Amino acid sequence: MEVKIEDSWKQALKKEFAKPYFQQIPNHIKTEKQQGKTIYPPGSLIFNAFNTTPFDTLKVVILGQDPYHGHGQAHGLSFSVPDGIGPPPSLVNIFKELQEDIGIAIPRHGNLTHWAKQGVFLLNASLTVRAGEPMSHARIGWAEFTNEVIKTISDTREHVVFMLWGKFAQEKRTLIDDKKHLILRSVHPSPLSAHGGFFGCKHFSKANAWLMSKGIDPIDWQL
């Protein structure tokens, strides 16, 4: 199966694409579509995070759990929504922390593509989801694939910042070499938990300070 993905990622992950479990993912999605299920994001955007942030240029990883499962929300970047779609509650809280941390005005949109183009890899642990059914594709092979993605970044890149928000994301820390990379952890930015430590975590300024200490250009978080 030919995976349409940015060249540096294709090289970094070529062994993974050949494995039987990965070959079964598109078959599973195809079967569900034939059954009349709606799958998000659209097929052309499943690998949007990879195509927007090449492997060779990534500086920061922000790990999400699942694509948004509402109509028009998911476009292949964790926490992000396309232009014209209102920012969901967790993203609103991310913007609030960004304002408190480094003084950036809260954006009127929720499209994080500007971050992705600078090297912020917006990865969801599952790359697809059935409409209205959160975590519905968590067991079709995506978790195995994205775990390998995280491990590949950790093993073959240096000086990457990993932002792990919430219990699910923090469980991925075992895949990351903290001697080479910076791991920033907090509770999830969801309204249910943000007041328990996400607000005030200052991850955006900490990430930039660490990148600059390694001679790497910081992220312009302004949208």
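Refer to the structure printed above.
About the criteria used
Residues numbered from 1 in each chain as written. Predicted model: local features only at pLDDT ≥ 70, side-chain atom pairs only at ≥ 80, totals over all residues. Heavy atoms only, no water. Helix = DSSP H or I, 4+ residues; strand = E, 2+ residues; numbered from the N terminus. Expected span 1.5 Å × (residues − 1). Buried < 20%, exposed > 50% of the residue type's maximum accessible area, 1.4 Å probe, protein only. Contact = heavy atoms within 4.5 Å. 1 Å grid on protein atoms, 1.4 Å probe; cavity = no way out; pocket = protein on both sides within 12 Å on 5 of 7 lines; lining within 4 Å. Points joined across faces, edges and corners; volume = space filled by probe spheres on them. Nonpolar A, V, L, I, M, F, W, Y, C, P; charged D, E, K, R; others polar.

A. Geometry of helix 5 (residues 89-102). For helix 5, with 14 residues, the first-to-last C-alpha span of 20 Å sits near the 20 Å given by 1.5 Å per residue. The complete set of buried residues in helix 5 reads Ser90, Leu91, Asn93, Ile94, Phe95, Glu97, Leu98 and Asp101. Turning to helix 5, the residues buried within the fold contact helix 6 (113-117), strand 5 (161-165) and helix 9 (203-213). Phi turns positive one or two residues past the end of helix 5, at Gly103, with a value near 80 degrees.

B. Just helix 7 (residues 138-156), in detail. In this model helix 7 runs 26 Å from its N-terminal to its C-terminal C-alpha over 19 residues, within 8% of the 27 Å that 1.5 Å per residue would give. Within the sequence span of helix 7, burial applies to Ile140, Gly141, Trp142, Phe145, Thr146, Val149, Ile150, Thr152, Ile153 and Ser154.

C. Spatial organisation of empty space enclosed by the protein. Within the structure shown, the criterion is met by one cavity of 30 Å³ or more. Its volume calculated, the largest cavity comes out at about 40 Å³. As for the largest cavity, its lining consists of Pro41, Ile46, Ala49, Pro67, Gly76, Leu122, Leu123, Asn124 and Leu127. The greatest single-element share of the lining of the largest cavity, amounting to three residues, is contributed by strand 3 (residues 120-124). Of the residues in the lining of the largest cavity, the class split is seven nonpolar, two polar and no charged.

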